Amino acid sequence: MPRQPIGDRPMTDAERQARSRAARTAGRPVVRTRRPADHRSRARRWHDTVAELLVLQTEYEAWLEALPDTLQDTATAEALRTISELDLSELQAIDPPRGFGRD
């Protein structure tokens, strides 16, 4: 969700820069947010992703079982059925290469 505008019209680039410089000279701290770096290896990320897919698949199966009979013929039920019928065992069996001669 975008921030609410400060004035009745969007600021120009020059106005935005002037406001930034004024804040810097006033001594207000600059707050910069950065996404934390993911230091997991690709293999670890692969295994975590497959595990998450398996968790989601069981949640979708529970959702499908909880659907009332009147909704069993809907597009939602069909999508849930398709997801629950996916065979994820092949993805589980894959062991990605570790790389750089460590295989």
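Residues numbered from 1 in each chain as written. Predicted model: local features only at pLDDT ≥ 70, side-chain atom pairs only at ≥ 80, totals over all residues. Heavy atoms only, no water.

1. Thoughts on the overall build of the protein chain
For step 1, the next point in the chain: Across its full length, the protein chain holds four helices and zero strands.
For step 2, the next point in the chain: Sequence-ordered secondary structure for the protein chain, helices as α and strands as β, is α-α-α-α.
For step 3, the next point in the chain: Taking 13 Å as the expected radius of gyration for a compact globule of 103 residues, we find that the protein chain reaches 25 Å, considerably beyond that expectation.
For step 4, the next point in the chain: With respect to the principal axes defined by its C-alpha atoms, the protein chain has extents near 60 × 55 × 20 Å.
For step 5, the next point in the chain: Relative to its 103 residues, the protein chain shows a buried fraction of 11%.
For step 6, the next point in the chain: Put simply, of all contacts in the protein chain between residues at least 6 apart along the chain, 45% involve residues at least 24 apart. (Helix = DSSP H or I, 4+ residues; strand = E, 2+ residues; numbered from the N terminus. Rg over C-alpha atoms; globule rule 2.2 N^0.38 Å. Buried < 20%, exposed > 50% of the residue type's maximum accessible area, 1.4 Å probe, protein only. Contact = heavy atoms within 4.5 Å.)

2. A look at the packing of aromatic side chains
We describe a pair of aromatic rings using the distance from one ring centre to the other and the angle between the two ring planes.
For step 1, the next point in the chain: The full count for this structure, using the stated rule, is one aromatic pair.
For step 2, the next point in the chain: When the centroid spacing of 6.1 Å and the interplanar angle of 35 degrees are considered together, the rings of Tyr60 and Trp63 count as tilted. Taken together, the residues span about one helical turn, with Tyr60 and Trp63 both in helix 2 (residues 42–66) at a distance of three residues.
For step 3, the next point in the chain: Given a relative accessible area of 29%, Tyr60 falls into the partly exposed group. (Phe/Tyr/Trp six-rings, centres within 6.5 Å; stacked < 30°, edge-to-face > 60°.)

3. Some points on helix 3 (residues 75–85)
Side chains of residues three or four places apart in an α-helix project in the same direction, reflecting 3.6 residues per turn.
For step 1, the next point in the chain: Of the residues making up helix 3, those classed as buried are Ala77, Leu80 and Ser84. End-on, the buried residues of helix 3 take up no more than an arc of 60 degrees, which puts them together on one face. Along helix 3, the residues that are exposed and aim more than 90 degrees away from the buried face are Ala75 and Glu85. (Arc of directions from axis to C-beta.)

4. Re the pattern of salt bridges
For step 1, the next point in the chain: All told, the structure shown has six salt bridges when counted by the stated rule.
For step 2, the next point in the chain: The closest approach of N and O atoms between Asp48 and Arg40, which form a salt bridge, is 2.5 Å.
For step 3, the next point in the chain: Here Arg81 and Glu78 are joined by a salt bridge, their closest N and O atoms 3.0 Å apart. With Arg81 and Glu78 both in helix 3, this residue pair falls three residues apart, about one helical turn.
For step 4, the next point in the chain: A relative accessible area of 24% means that Arg81 is categorised as partly exposed.
For step 5, the next point in the chain: Using a relative accessible area of 44% as the deciding quantity, one classes Glu78 as partly exposed.
For step 6, the next point in the chain: Taken together, the shared-partner salt bridges in this structure form one network comprising Asp38, Arg40, Arg44 and Asp48. (Salt bridge = Lys/Arg side-chain N within 4 Å of Asp/Glu carboxyl O.)

5. With respect to helix 2
For step 1, the next point in the chain: Its 25 residues give helix 2 an end-to-end C-alpha distance of 36 Å, which sits within 8% of 36 Å, the value for a rise of 1.5 Å per residue.
For step 2, the next point in the chain: Those residues of helix 2 lying buried are Ala43, Val50, Gln57 and Leu64.
For step 3, the next point in the chain: The inward-facing, buried residues of helix 2 contact helix 3 and helix 4 (89–93). (Expected span 1.5 Å × (residues − 1).)

These results come straight from atomic positions and should not be treated as a statement about function.
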